[in-house]
Amino acid sequence: MSRRKNDVPTYGLHKPSGQARIVVDGQSIYLGKHGSPESLQAYSRWVTKLAAAPAAGRASKAKLLAEPADDLTINELIVRYLHFADGYYRIDGKRTSEYKSMVEAAGPLRRLYGLSPAREFGPKALKQVQEAYVQHGLCRKSVNKHVFRVRRIFRWAVAEELVHESLAHGLAAVESLRRGKTAAPETLPTATVDLADVEAVIPFVSDEIAAMIRLQYHAAMRPAEVTIMRLCDIDRSDPELWLYRPTSHKTAYRDGDREIYLGEECRKVLGPFMDRPADAFLFSPAIAERRRNEKRNEDRDPNRKTKIFDCELRHRVRRREAAARRQSMRPKRDHYDADSYRRAVAYGIRQARKHGIEVQEWSPRRLRHTMATKVREKWGVEGAQIYLGHSKCSVTQVYAQRDRKLGREVALDVG
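Residues numbered from 1 in each chain as written. Predicted model: local features only at pLDDT ≥ 70, side-chain atom pairs only at ≥ 80, totals over all residues. Heavy atoms only, no water.

**Some remarks on the overall build of the chain**
Here is the rule we go by: Secondary structure follows DSSP: runs of H or I at least 4 residues long count as helices, runs of E at least 2 residues long count as strands, and numbering of each begins at the N terminus. Residue exposure (1.4 Å probe, protein chains only): buried if accessible area is under 20% of the type maximum, exposed if over 50%, otherwise partly exposed. Contacts are assigned to residue pairs with any non-hydrogen atoms lying within 4.5 Å of each other.
Per the secondary structure count, the chain includes 17 helices and eight strands. Put simply, the chain has 415 residues, and 38% of those count as buried. Considering only contacts within the chain whose residues lie at least 6 apart along the sequence, 61% involve residues at least 24 apart.

**Describing the nonpolar core**
Our working rule: Remark: nonpolar core denotes a set of buried residues (Ala, Val, Leu, Ile, Met, Phe, Trp, Tyr, Cys) joined through side-chain atoms within 4.5 Å.
Within the largest apolar cluster, 47 residues are counted, with the highest numbers of intra-cluster contacts made by Leu215, Met229, Leu262, Phe283 and Trp362. At the level of secondary structure, the elements contributing two or more residues to this core comprise helix 8 (195-201), helix 9 (207-219), strand 7 (242-244), strand 8 (260-262), helix 11 (264-270), helix 14 (338-354) and helix 15 (365-388). Judged by nonpolar contacts, the second largest core, of 34 residues, contains Ala85, Met102, Ala106 and Leu177.

**A few points about the sheet that holds strand 2 (residues 19-24)**
Rules: When DSSP locates at least two bridges between a pair of strands, those strands are taken to pair. Every axis in this analysis is a line fitted to C-alpha atoms, fitted for helices over the stretch in contact. Angles between the N-to-C directions lie between 0 and 180 degrees.
In space, the three strands of this open sheet follow the order 1-2-3, with antiparallel pairing throughout. Across the chains shown, the open sheet's two edge strands, defined by having one partner strand only, are strand 1 (12-14) and strand 3 (27-33). In this sheet, adjacent strand axes meet at a mean angle of 45 degrees when their direction is disregarded. Of the pairings in the sheet, the one linking strand 2 to strand 3 comprises six bridges and is antiparallel in character.

**What to know about the packing of aromatic side chains**
For clarity, the cut-off: In this scheme Phe, Tyr and Trp rings, the latter by its six-membered ring, pair at centre separations within 6.5 Å, and the angle between planes marks the pair as stacked below 30 degrees, edge-to-face above 60, and tilted otherwise.
The final tally for this structure, using the stated rule, is ten aromatic pairs. Aromatic side chains Phe84 and Tyr88 sit 5.3 Å apart centroid to centroid with 25 degrees between the ring planes, which places their arrangement in the stacked category. Here the residue Phe84 and the residue Tyr88 both occupy positions in helix 3 (residues 74-88), the gap between them amounting to four residues, near one helical turn. Judged by its relative accessible area of 31%, Phe84 is partly exposed. An aromatic cluster is present here, built from Tyr81, Phe84, Tyr88, Tyr89 and Trp156 joined pairwise through their rings.

**Quick notes on unusual backbone geometry**
Trans peptide bonds make up the majority, and among non-glycine residues the majority have a negative phi. Backbone geometry at Glu161 places phi at a positive 60 degrees, although glycine is not the residue there. Since its relative accessible area comes to 58%, Glu161 is described here as exposed. If you check the backbone angles, Ala220 has positive phi at about 55 degrees while not being a glycine. With respect to the helices, strands and loops of the structure, Ala220 is situated in the loop between helix 9 and helix 10 (223-226).

**Details of helix 14**
Residues separated by three or four positions in an α-helix point in the same direction, a consequence of the helix having 3.6 residues per turn. Using the following cut-off: Multiply 1.5 Å by the residue count of a helix minus one, and that product is the helix's expected span. Any N or O atom pair separated by 3.5 Å or less is treated as a polar contact, with the protein-specific requirement of one donor-capable and one acceptor-capable atom, and with residues adjacent in sequence counted only for side-chain atom pairs.
Taking 1.5 Å of rise per residue, 17 residues should cover 24 Å, and helix 14 covers 25 Å from first to last C-alpha, within 8% of that figure. Looking at helix 14, one finds that the buried residues are Ser340, Tyr341, Ala344, Val345, Gly348, Ile349, Gln351 and Ala352. Of the surrounding secondary structure, the elements contacted by the buried residues of helix 14 are helix 8, helix 9, helix 10 and helix 15. One side-chain oxygen at the N-terminal end of helix 14 lies 3.2 Å from the backbone nitrogen of Asp339; it belongs to Asp337. Phi turns positive, to about 80 degrees, at Gly356, one or two residues after helix 14.

**Some thoughts on the sheet that holds strand 7**
Spatial ordering of the open sheet is given by 6-7-8, a layout of three strands whose pairing is antiparallel. Two strands close off the open sheet at either side, each with one partner strand: strand 6 (234-235) and strand 8.

**Points about the confidence of the model for the chain**
The line we're drawing: The predictor reports its confidence for every residue as pLDDT, a score running from 0 up to 100.
Looking at the chain as a whole, the pLDDT averages 82, with 81% of positions reaching at least 70. In the model of the chain, helix 2 (residues 58-66) stands out as the element of lowest mean pLDDT, 54, in contrast to helix 6 (residues 140-159), which has the highest, 94.

**A word on the environment of Leu243**
Residue position: Leu243 is located in strand 7. The spatial distance from the C-alpha of Leu243 to the C-alpha of Asp233 is 8.3 Å, given a sequence separation of ten residues.

**A word on helix 6**
Compared with the 28 Å implied by 1.5 Å per residue over 20 residues, the 29 Å span of helix 6 between its first and last C-alpha is a close match. Where helix 6 ends, the next residue or the one after it, Glu161, has phi of about 60 degrees, a positive value.

**Let's talk about the pattern of salt bridges**
Defined as follows: We define a salt bridge as a contact between a side-chain nitrogen of Lys or Arg and a carboxyl oxygen of Asp or Glu at a distance within 4 Å.
The full count for this structure, using the stated rule, is 17 salt bridges. A salt bridge links Asp86 to Arg95; its shortest N-O distance comes to 2.7 Å. For Asp86, a relative accessible area of 22% translates into the label partly exposed. Here Asp235 ties to Arg245 by a salt bridge, and the two come within 3.7 Å at their closest N and O atoms. Pair noted here: Asp235 is in strand 6 and Arg245 is in the loop between strand 7 and strand 8, with a separation of ten residues, a long-range link. A relative accessible area of 27% means that Asp235 is categorised as partly exposed. By sharing partners, the salt bridges in this structure join Asp86, Arg90 and Arg95 into a single network.

**Regarding the environment of Ala338**
The topology assignment puts Ala338 in helix 14. Classification of Ala338 as partly exposed rests on a relative accessible area of 37%. Taking the C-alpha atoms as reference points, Ala338 and Ile228, separated by 110 residues in sequence, lie 9.6 Å from one another. Among all residues touching Ala338, those that are not within four sequence positions of it are Pro223, Ala224 and Thr227.

In structure tokens:
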């Protein structure tokens, strides 16, 4: 017999965290360590609150769960925020990487202060969480980003009137880690990639990946921008210069427009893919896999005389059936993403090394940095800023190495 919705919620155990919890209208409420007197007291308080709510109203319970509570714990606050973040950090229905980063940032916060009341969390507690990130081995910039994410949780709680607004002001007083003032390691600056290493990988990847590599380099695109290209997103009204406007990009949430210039070299790369449907992705893993299989069949010797025994035929049939089942359970997607694109490049590097070619490690994001450096050397910071699509010159400084030629000439003249 199923439990009625208006029954008293069950005092249960959340095994991953070892905490007691109740579930009200699908929302988990954590009470503290399972079996502890504190959790039993919290359970009694919640049962009393729910019993006092009108029996007729699911909306009344939802309102009760949304009300600020003096005994709201950090764990409960994290659960409520992640429920909000799950719907907020999505693009085209899929979670973005920021949601995963929020979960990672909340980990030390939960372990150190999960059972503490949210109203008691202050600047000193945030410094302890900050130190936990450092002890975990995160670099300085990652630590600062995670601390900012923790502040974001409490700012959201202030906006939802779950905690007092003074809490967010107090947390803002905690300074970010400064270079040379912390034990957290520094990240290495993004380096350019030797074009010889890029060309060495091209023969060992699919035609789609090879086109993406060349196109990303010439247009100085981000990896996530080249993977979602479609013909309907390319303005071809000017035969000499096409404009690509990606449907999704890094600064889209700021209502920023992104235009990517496609010159002659880019148009040459896109030539073999112009027969695709206008609303289809140009670079498809499914098509790459089909071409790979067709090429494998073409490379087989048609004059083979070796006898194939029945057991070998049965084995081939079983392998094909197993492959078909795997394909049906996990079909190839209609386009790459930044991660699968990076893995394909890493595969090409490994294959090149197996064939005795010396190739340095590189990733697709370094292609943008390489072209940014080249553009800046010839056209200056302003030209690089426009070509890369940056709103500020200070951002361009991160991606384009400083042109030291002018400094060298000045030093030789006056130094």
